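Residues per chain are reported as follows:
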Amino acid sequence: MPSIFSYESAEVDWCESNFVRSAVIAEYYNTISNVSFFLLSPALLYLNRQYCQKKAVPLYFVSGLLILVGLFSMYFHMTLSYVGQLLDELSILWTLAVAYSFWYPQAYFPNFSGGNRRHFFWLTGITTVISTLMSFVKPTLNAYALNCIAFHLLYLTRKELKKCNDKRVHRMAAVMVMWWALAITSWISDRWLCWLWQAINFPYFHSFWHVLIALSLLYCCPLVIYFDVSYEMPSFKPKLEYWPSDSWPVVVPYVTLEEPHKQC
Ligand SMILES: CCCCCCCC/C=C\CCCCCCCC(=O)N[C@@H](CO)[C@H](O)/C=C/CCCCCCCCCCCCC
Ligand SMILES: [Ca+2]
Ligand SMILES: [Zn+2]
């Protein structure tokens, strides 16, 4: 019986052919494309440094966990081991749980949490522990369940945008959805249409997924920070800026904080 650490002991095998470019890395491009997460985290911390100075814990936590997601995902694609698969999936689950417990808008807390973030934190923690235990039952289903969380984020974004008339925020949300749509299309293509990609000798859609989902997070995080400042930091007004500058065709959004009384 193969060990849970052994190469190719995972329940899933992505479309890219194994051990083609290296004798020790099973899926070469799927492994190296995780570099996106190592670039994403410092970019988020650097660009949103003003928010970080006022409220350091959430962004430091989430950025640190995103690095861990990148590391575990690299290990998974390098070995295609059962342990690698679970580490990859569980690190995503816990990153989402931490992001939700810090940033989920209070207005949407379930009634029984009494609008209290500490209660909501416990609720998220208990749900995540139960989900962690359930994830060992049928690991193949975990990735599908995790992808469904994006639909909840889309629903929340739609609700928030209805209340917001800042054109920049709408534009940023539209770009985030575009990157996510391209990402999920690549993920599904790799899973379901592998026979086609192998026939044309282009089985690389899962590595595109890594880059595209990191790009969508580069837009998602400032959006979440923008709403966090509007709701939870009433002495500041959030402002969306673009790096390197507004006039560039491709830009990265970030949030700065204005003190409203200093404006007048
Ligand atoms: C108020 C809530 C704020 C939420 C902030 C978002 C925090 C995001 C946290 C983690 C997402 C990391 C996803 C990276 C996955 C990389 C590893 C990977 O590719 N794993 C695959 C196997 O190698 C595995 O099959 C993938 C599983 C699916 C993961 C789905 C994650 C959903 C992420 C939602 C991102 C939303 C972006 C925009 C939404 C419209
Ligand atoms: Ca493969
Ligand atoms: Zn992957």
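Small disclaimer: the values here were computed from a predicted structure and weren't measured.

Brief notes about the site of ligand 1
Around ligand 1, the structure places 28 residues, and the nearest of them are S73, T95, A99, A143 and L146. Elements with a contribution of two residues or more to the shell around ligand 1: α4 (56-79), α5 (82-103), α7 (139-162), α8 (167-192) and α10 (205-232).

Description of α4
If you check α4, its first and last C-alpha atoms are 35 Å apart, about what 24 residues at 1.5 Å a residue would give, namely 34 Å. Of the residues flanking the end of α4, it is L80, one or two places downstream, whose phi is positive at about 55°.

What about the UniProt feature "binding site: Zn(2+)" (unreviewed entry) in the protein chain?
Here the UniProt feature "binding site: Zn(2+)" (unreviewed entry) sits at H77, H206 and H210. Across 134 residues in sequence, these annotated residues keep their C-alpha atoms within 11.5 Å of one another, forming a single compact spot. Its place among the elements puts H77 in helix α4. According to the C-beta neighbour criterion, H77 is buried, with 28 such atoms within 10 Å.

Structural notes on the packing of α8 against α10
Two elements in contact, α8 and α10, have axes whose closest approach is 8 Å; the angle formed by their N-to-C orientations is 155°. One finds that α8 runs roughly antiparallel with respect to α10. The element α8 and its partner α10 pack so that their crossing is left-handed. A class-by-class count of the residues in the contact of α8 with α10 yields 21 nonpolar, four polar and one charged.

Comments concerning α10
For α10, which comprises 28 residues, the first-to-last C-alpha distance of 39 Å matches the rise-based estimate of 40 Å (1.5 Å per residue) to within 8%. Burial runs high along α10: 23 of the 28 residues are buried.

Some words on the packing of α5 against α7
Two elements in contact, α5 and α7, have axes separated by 10 Å at closest approach and are oriented at 25°. Between α5 and α7, the interaxial angle falls into the category roughly parallel. α5 and α7 meet at a crossing whose hand is left-handed. Side by side, α5 and α7 meet where Q85, L86, E89, I92, L93 and L96 of the first sit next to P139, N142, A143, L146 and I149 of the second. A breakdown of the residues in the contact of α5 with α7 according to their chemical character gives eight nonpolar, two polar and one charged.

Structural notes on the UniProt feature "binding site: Ca(2+)" (unreviewed entry) in the protein chain
In the numbering used here, UniProt assigns the feature "binding site: Ca(2+)" (unreviewed entry) to D13, W14, E16, N18 and E27. Summarising the element assignment, D13 is placed in the segment before α1 (28-32). With near-sequence residues (within four places) excluded, D13 lies in contact with E8 and L80. Not counting residues within four places of it along the chain, the set of residues in contact with W14 comprises E27, N30, D190 and H206.

Calculation notes
Along every chain, residues carry numbers that run from 1 in the direction the sequence is written. Written order determines the labels here, with chains lettered from A and ligands numbered from 1. The predicted nature of this model means local features are confined to residues of pLDDT at least 70 and side-chain atom pairs, given and counted, to a pLDDT of 80 or more, with totals for whole chains, interfaces and linings taken over all residues. In this entry, near means the residue's backbone-placed C-beta atom lies within 6 Å of the molecule or strand. Elements are defined by DSSP. Helices are runs of H or I of four residues or more, strands are runs of E of two residues or more, and each kind is numbered from the N terminus. Between the first and last residue of a helix there are one fewer steps than residues, each counted as 1.5 Å, and that sum is the expected span. UniProt positions are given in the numbering used here, feature names are shortened, and annotations may be inferred rather than shown by experiment. Partly exposed residues are those falling between the two cut-offs: more than 12 but fewer than 20 other C-beta atoms within 10 Å of their own, whereas 20 or more means buried and 12 or fewer means exposed, with C-beta atoms placed from the backbone. Axis lines are fitted to C-alpha atoms, over the contacting stretch for helices. Their N-to-C directions set the angle, which ranges from 0 to 180 degrees. Angles below 35 degrees are treated as roughly parallel, those above 145 as roughly antiparallel, those between 65 and 115 as roughly perpendicular, and all remaining angles as oblique. Handedness of a crossing is defined here by the sense of rotation of the near helix relative to the far one, left-handed for an anticlockwise turn of less than a right angle and right-handed for a clockwise turn. Amino acid classes used here: Ala, Val, Leu, Ile, Met, Phe, Trp, Tyr, Cys and Pro are nonpolar; Asp, Glu, Lys and Arg are charged; the rest, including Gly, are polar. A residue pair is marked as a contact if its C-beta atoms, positioned from the backbone, fall within 7 Å.

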